[in-house]
Amino acid sequence: LAALAEVLAATGLDPRQVCAVGDDLPDVPLLRHCGLSVAVADACDEARAAAAHTTALPGGRGAVREAVEWLLKLQGRWGE
């Protein structure tokens, strides 16, 4: 959460404007405090439970790209 606070202070964003991707126990508080939370397919049970969305792909195997594509499609911005 300290890193999130630094990013928010530096950017002026609200936590609701942030998407976080995580996979393990230290990520759970971050996933719970962001507006949109994503767990990778091979994340621990606690991270998947805290996330609003879970990728089909595991971490290190395209999960972040999948999450970005999913988010841009949700926003109607994939074609940009």
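Before reading on, note that the structure itself is shown above.
Parameters and conventions
- Every chain's residues receive numbers from 1 upward, in the order its sequence appears when written.
- The predicted origin of the model limits local features to residues at a pLDDT of at least 70 and limits the giving and counting of side-chain atom pairs to 80 or more, whereas totals for whole chains, interfaces and linings rest on all residues.
- Side-chain calculation: all heavy atoms of the structure are included, whereas hydrogens and water are not.
- We call a set of buried residues a nonpolar core when its members are Ala, Val, Leu, Ile, Met, Phe, Trp, Tyr or Cys and they connect through side-chain atoms within 4.5 Å of each other.
- Three labels apply to residues, based on accessible area from a 1.4 Å probe with only protein chains included: buried if under 20% of the type maximum, exposed if over 50%, partly exposed otherwise in between.
- We count a stretch as a helix when DSSP gives it H or I for four or more residues in a row; a strand needs E for two or more, and each element gets its number in order from the N terminus.
- A pair of strands is labelled paired if DSSP reports no fewer than 2 bridges between them.
- Contacts: residue pairs with any heavy atoms within 4.5 Å of one another.
- Helix axes are fitted to C-alpha atoms over the stretch in contact, other axes to C-alpha atoms as well, and angles between N-to-C directions run from 0 to 180 degrees.
- By the criterion applied in these results, polar contacts are pairs of N or O atoms within 3.5 Å in which, for protein atoms, one can donate a hydrogen and the other can accept it, and in which residues neighboring in sequence qualify only through two side-chain atoms.
- Working definition: rings of Phe, Tyr and Trp (its six-membered ring) pair if their centres are within 6.5 Å, and the pair is stacked with planes under 30 degrees apart, edge-to-face with planes over 60 apart, and tilted otherwise.
- When the NZ atom of lysine or the CZ atom of arginine is within 6 Å of a ring's centre and also within 35 degrees of its normal, the charge is said to sit over that ring.
- Here a crossover is taken to be right-handed if, once the strands point away from the viewer, the path from the first strand over the helix to the second is traced clockwise.

> Please give an account of the nonpolar core that cites residues and values.
Within the largest apolar cluster, 15 residues are counted, with the highest numbers of intra-cluster contacts made by Leu 4, Val 18, Leu 31, Cys 34, Ala 43 and Ala 47. Of all the secondary structure elements, the ones that give two or more residues to this core are helix H1 (2–11), helix H2 (28–33) and helix H3 (45–50).

> Could you give me a rundown of the sheet that holds strand E2 (residues 36–39), with the residues and numbers involved?
Spatially, the three strands line up as an open sheet ordered E1-E2-E3, and their pairing is parallel. Strands with a single pairing partner mark the edges of an open sheet, and in this sheet they are strand E1 (19–22) and strand E3 (53–54). One ladder, built from two bridges, connects E2 with E3; its direction is parallel. Bridged to Val 38 within E3 is His 53. Contacting E1, E2 and E3, helix H4 (residues 63–74) runs over the sheet at an angle of about 145 degrees to E2.

> Quick rundown of the environment of Asp 27? Include the residues and the values.
Note on placement: Asp 27 falls in the loop between E1 and H2. Among the polar contacts listed, one links the side chain of Asp 27 to the backbone nitrogen of Asp 23, at a separation of 2.8 Å.

> Let's hear about the packing of aromatic side chains: which residues, and what values?
Applying the stated criterion across every chain yields a total of zero aromatic pairs. Its guanidinium or amino end placed over the ring of Trp 78, Lys 73 lies 5.3 Å from that ring's centre, counting from NZ or CZ.

> Residue-level account of the pairing of E2, with values.
Of the two faces of E2, both are covered, the one formed by Leu 36 and Val 38 as well as the one formed by Ser 37 and Ala 39. At this point the chain moves from E1, through H2, to the parallel E2, and the crossover so formed is right-handed. A crossover connection joins E2 to the parallel E3 through H3; in handedness this β-α-β unit is right-handed.

> Now, about the side chain of Thr 55: what can you tell me, with residues and values included?
Along the polypeptide, Thr 55 turns up in the loop between E3 and H4. A polar atom in the side chain of Thr 55 sits 3.0 Å from the backbone nitrogen of Ala 41. Of note is the side chain of Thr 55, whose polar atom sits 2.6 Å from the backbone oxygen of Leu 57. If we ignore the near neighbours within four places in the chain, the residues touching Thr 55 are Val 38, Ala 39, Val 40, Ala 41, Ala 63, Glu 66 and Ala 67.

Treat this as a map of the structure, not an account of what it does.
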